[in-house]
Amino acid sequence: MLKIKNLHAKVDGREILNGLDLTIPAGEVHAIMGPNGSGKSTLSYVLAGKEDYEVTDGSVTWKGEDLLDMQPDERAAAGVFLAFQYPMEIPGVATMTFLRSAVNAVRKARGEEELSTPDFLRTVKEKAKHLNIDIEMLRRPLNVGFSGGEKKRNEILQMSLLEPGLCVLDETDSGLDIDALRVVSAGVNALRSPERSMLVITHYQRLLNYIVPDRVHVLSNGRVARSGGPELALELEESGYAEYGEEASAA
Amino acid sequence: MNAPVQQFRTEVEQDLLDLFELSADALPGDAAVTALRQKAIRTYAAAGLPHRRVEAWKYTDLRVALKNVPPLLAEVDVQVGESEIGAALGQAFLALPAYRVVIAAGEFRGDLSDIGALRDAGVEVGSLGQMLESPPAWLTASFDEAGRRDDDVIIALNTALMTAGVALRLPEELTLQKPIHLIHLDMPGASGSIFTRNAVVAEPGASATLIESFGTLGATDLQRNSVTTVSAAERSAIHHIKLQREALEATHLTVWAANVGAEARYNAFQVNTGAALARNQIYVRFDGEGAATDISGATLAQGSQHCDTTLVVEHNVPACESRELFKLVLNDEARGVFQGKIIVTPDAQKTDGKQMSQALLLSETAEFDSKPELEIYADDVVCGHGATSGQIDEDLLFYLRARGLPEAQARALLIQAFVGETFEALDDEVIGDAFAEVAADWLGVKLD
């Protein structure tokens, strides 16, 4: 279970999160929606432990442990996974090398045996197949020259390989056409399980047609302004974010 | 000896002259070689050691840096076996499939060198020390060519004091299937100077890869001066590769000078991790149209190491191509220097020259000095250069850490990726992988 209480966070001296409360029980998928600048991405970075995101008040506990006290790699080992809105391109690092380093680093930190090369390759091939990822793509440098869809599918591949307990998806739908959106959503849905919590951050309701959430929260000015069931997303699609601090035309 | 010209010289400058005086009688060579040596030492005596007011030595003041002149090492037998070579060069370079030639403690080691196999493969090859007693015409020609660059003090001193090395001639159209691996070692516990000279002559259409690696058997105070001349006739291809892993106290002064004929290719690639002071000079001169060179490499330096790479490419004829890419990783107080001069003479139309140097600074106190010099006298040319200097990208670091990589491992991966670009550009997987291992070794990480 993820528990966020009264979270305040600053970026470049500007307060972005302003008393955010959120609880996600095990096995549930929660969506966070909200206008631009409401703090959606900031929340994802704070959860993953990015530097420059200064928490000034409040707490975040994950499975009873203080998440804010952990280094980014310790959070990954503890099961927190952030699917980036803009995955990084790293020339000179083959995607496969990166995947293997990540899997084995996390396994090592969790006290598990590192995967042998054949075992690792078998696992990657199987998971890549479900995401329509060509093995050739994984021989290329990490995300370099990947299309928007390839980058996002690569994020979901990493998510499935690292077997996290908390998946944070930051605007995973951005830059995806409808076919890519279907593949990515199917990949995410395949990971839904009673032990796994998910936080799906999106600006648009569209993604939630494919990844149907248990709860929807609207973020405004750095706090949860409203919570409801999946129907809340549909309502927002109709009315826009006007009442949450953004012009309807901008959405 | 003739009276020197220079009015004032430092103690070390005088010591170098004394070293020559003391050693002259024992240095190998016939009368013509002796005359060559005399002429070279006079050139040195007139010029003295280069210092920072000499533009080409602006960042590497040799007059200040050289504190003493250890005795000449030559004709010393040291114990060298596989374990010594492995310790000196690392396992990857020990394992490289190649014709080996070993020079240890300034002595050509016929017992450790595959001279017979090289001759069977069609290469004319011999120990330089022996060949100096009666040099063949092609070797004399290469000395004459080097003599034209005698204004370079490293070459002048080398010509005066060269004792050992290897001379190779690749006959027309010979393609050597395996690389030649020239292994330069020092001497355990020694304080000494080593002057080696190598000459490579590739006749038309010949091709070969020459790897020169420099490693330590545990010298305490080594001054290495090594010059390799390459004459690449038309349509020939020479790939010249270097690993510099000298003792961390050593001084490493080297020159590679290549003349490249029409439609020929000369590629030079150098990786430095050793020596307190290293100065690597690479001179390439195009003598025939349609020739090409790629000069690249990587420097990994820490502590107070100083590593200087200085390139001069002379486009004297039309339609030649030069590519330069150097990457430096500098930690602690290390200092990296890159100087790249590209000269395009008025006749050298359709020249295509590109140069790039990039430094990754791992500490606040590391320093990178870059000096591109483009002297272009022709009007129809494409020439470009760039230099960058930066730190590890924090966003990339966060991405890796968010995937579970501990900070040290994530940093190492990014550094490997940075220098790895040059290894991939080598276009030789075996040697590229060997360099990747050298980099991993330097970073203290294991490769998968």
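Keep in mind it's a predicted model, so treat the numbers as computed, not measured.

Here's the deal with the overall build of chain B
No. 1: When helices and strands are counted, chain B shows twelve helices and 19 strands.
No. 2: Here chain B has a C-alpha radius of gyration of 21 Å; the compact-globule value for 448 residues is 22 Å, and the two agree.
No. 3: Principal axes of the C-alpha set define a box for chain B whose edges measure 70 × 55 × 50 Å.
No. 4: Within chain B, the proportion of its 448 residues that are buried is 62%.
No. 5: In chain B, once contacts between residues fewer than 6 apart in sequence are set aside, the share between residues at least 24 apart is 84%.

Structural notes on the sheet that holds strand β11 (residues 215–220) of chain A
Residue and element names in this part refer to chain A.
No. 1: In space, the six strands of this open sheet follow the order β6-β9-β10-β3-β11-β12, with mixed pairing throughout. The sheet is open, and its two borders are formed by β6 (80–83) and β12 (223–228), each paired with just one other strand. Along the sheet, successive strands turn relative to each other by an average axial angle of 20°, direction set aside.
No. 2: Sheet topology places strand β3 (residues 29–33) next to β11; four bridges connect them, and they run parallel. The partner of His-30 across the bridge, within β11, is Arg-215.
No. 3: Relative to β6, helix α6 (residues 148–162) is tilted by about 170°, and along the sheet it contacts β6 and β9 (166–170).

Structural notes on the pattern of salt bridges
Residues and elements named next belong to chain B.
No. 1: Scanning the entire structure with this criterion turns up 37 salt bridges over all chains.
No. 2: The partner of Asp-441 in a salt bridge is Arg-245, and the shortest N-O contact between them spans 3.2 Å. Of this pair, Asp-441 sits in helix α12 (residues 429–443) while Arg-245 sits in strand β9 (residues 237–245), and the two are 196 residues apart along the sequence.
No. 3: You can call Asp-441 partly exposed: its relative accessible area is 48%.

Concerning the domain arrangement of chain B
Residue and element names in this part refer to chain B.
No. 1: The domain boundaries assigned to chain B delineate domain 1 (11–288) and domain 2 (392–448).
No. 2: Measuring from the centre of the C-alpha atoms in domain 1 to the corresponding centre in domain 2 gives 31 Å.
No. 3: Taken together, the 13 residues of domain 1 in the interface contact eleven residues of domain 2.
No. 4: Buried area between domain 1 and domain 2, both sides added, is near 1,000 Å², and the carbon and sulfur share of it is 85%.
No. 5: Per-residue buried area on domain 1 facing domain 2 is highest for Ala-92, Phe-93 and Phe-269; these three make up 41% of the total on that side.

A few points about the packing of aromatic side chains
No. 1: Under the counting rule described, the total for this entry stands at eleven aromatic pairs over all chains.
No. 2: Ring centres 5.2 Å apart and planes at 50° place the aromatic pair A:Tyr45 and A:Tyr53 in the tilted group.
No. 3: Judged by centre distance (5.9 Å) and plane angle (10°), the ring pair of A:Phe98 and B:Tyr399 falls under stacked. Within this pair, whereas A:Phe98 is found in helix α3 (residues 95–109), its partner B:Tyr399 is found in helix α10 (residues 394–402), the two belonging to separate chains. Taken as a pair, A:Phe98 and B:Tyr399 share a single burial class, namely buried.

Details of the layout of surface pockets
All names here are of chain B.
No. 1: Put simply, the second largest pocket is a space of about 480 Å³.
No. 2: Around the second largest pocket, the lining is made up of 25 residues, and of these Ala-56, Asp-151, Asp-152, Tyr-283 and Val-312 lie nearest the centre.
No. 3: Broken down by secondary-structure element, the contributors of at least two residues to the lining of the second largest pocket are β12 (277–286), β14 (306–315) and β16 (335–344).
No. 4: When its residues are assigned to classes, the lining of the second largest pocket shows eleven nonpolar, six polar and eight charged.

Concerning the pairing of strand β1 (residues 99–104) of chain B
Remark: a regular strand shows side chains that alternate across the two faces of the sheet.
Residue and element names in this part refer to chain B.
No. 1: In terms of burial, β1 is a largely internal element, six of the six residues being buried.
No. 2: The alternating pattern of β1 places Tyr-99, Val-101 and Ile-103 on one face and Arg-100, Val-102 and Ala-104 on the opposite face, and all of these are buried.
No. 3: With six bridges joining them, β1 and strand β5 (residues 180–185) adopt parallel strand pairing. Along β5, the bridge assignment pairs Ile-103 with His-184.

Re the packing of helix α1 (residues 11–23) of chain B against helix α9 (residues 153–161) of chain B
All names here are of chain B.
No. 1: For the pair α1 and α9, the least separation of the axes is 10 Å and the interaxial angle reads 20°. In terms of orientation, α1 and α9 fall into the roughly parallel class. Handedness of the crossing formed by α1 with α9: left-handed. Where α1 approaches α9, its residues Leu-16, Leu-19, Phe-20 and Ser-23 are matched on the opposing element by Leu-157, Ala-160 and Leu-161.
No. 2: Looking at side-chain class alone, the contact of α1 with α9 contains six nonpolar, one polar and no charged residues.

So, the state of the cysteines
Residue and element names in this part refer to chain B.
No. 1: For the structure on display, the rule yields zero disulfides over all chains.
No. 2: Left unpaired, Cys-320 is separated from the closest cysteine sulfur, that of Cys-383, by 12 Å.
No. 3: Residue class for Cys-320 comes out buried when judged on its relative accessible area of 1%.

A word on empty space enclosed by the protein
Residues and elements named next belong to chain B.
No. 1: Within this structure, the stated rule accounts for three cavities of 30 Å³ or more.
No. 2: Of the volumes computed, that of the largest cavity is approximately 120 Å³.
No. 3: For the largest cavity, the lining is made up of 14 residues, of which Leu-16, Leu-66, Phe-195, Gln-223 and Leu-253 are closest to its centre.
No. 4: Looking at the lining of the largest cavity, the element that brings in the most residues is strand β8 (residues 221–232), giving three residues.
No. 5: Of the voids in this model, the second largest cavity is the one considered here, and its volume is about 50 Å³.
No. 6: Lining the second largest cavity are Leu-168, Leu-170, Ile-180, Val-200, Ala-208, Thr-209, Leu-210 and Ile-238.
No. 7: Secondary-structure elements contributing two or more residues to the lining of the second largest cavity are β4 (166–170) and β7 (207–215).

Thoughts on the sheet that holds strand β1 (residues 2–11) of chain A
Residues and elements named next belong to chain A.
No. 1: Pairing in this open sheet of four strands is antiparallel, and the strands run β2-β1-β4-β5 from one edge to the other. A single partner strand is all that each edge strand has here, and the edge strands are β2 (14–24) and β5 (65–66).
No. 2: Here eight bridges tie β1 to β2, and the two strands are oriented antiparallel to one another. Within β2, the position partnered with His-8 by the bridge is Asn-18.
No. 3: Across the sheet, helix α1 (residues 40–48) is in contact with β1, β2 and β4 (53–62); its angle to β1 comes to roughly 110°.

Parameters at a glance
Residues numbered from 1 in each chain as written. Chains lettered and ligands numbered in written order. Predicted model: local features only at pLDDT ≥ 70, side-chain atom pairs only at ≥ 80, totals over all residues. Heavy atoms only, no water. Helix = DSSP H or I, 4+ residues; strand = E, 2+ residues; numbered from the N terminus. Rg over C-alpha atoms; globule rule 2.2 N^0.38 Å. Buried < 20%, exposed > 50% of the residue type's maximum accessible area, 1.4 Å probe, protein only. Contact = heavy atoms within 4.5 Å. Pairing = 2+ DSSP bridges. Axes fitted to C-alpha atoms, helices over the stretch in contact; angles between N-to-C directions. Salt bridge = Lys/Arg side-chain N within 4 Å of Asp/Glu carboxyl O. Domains from an automatic or database assignment. Buried area = accessible area lost by both parts, 1.4 Å probe. Phe/Tyr/Trp six-rings, centres within 6.5 Å; stacked < 30°, edge-to-face > 60°. 1 Å grid on protein atoms, 1.4 Å probe; cavity = no way out; pocket = protein on both sides within 12 Å on 5 of 7 lines; lining within 4 Å. Points joined across faces, edges and corners; volume = space filled by probe spheres on them. Nonpolar A, V, L, I, M, F, W, Y, C, P; charged D, E, K, R; others polar. Parallel < 35°, antiparallel > 145°, perpendicular 65-115°, else oblique. Left-handed = near helix turned anticlockwise from the far one by under 90°. Disulfide = S-S within 2.5 Å.

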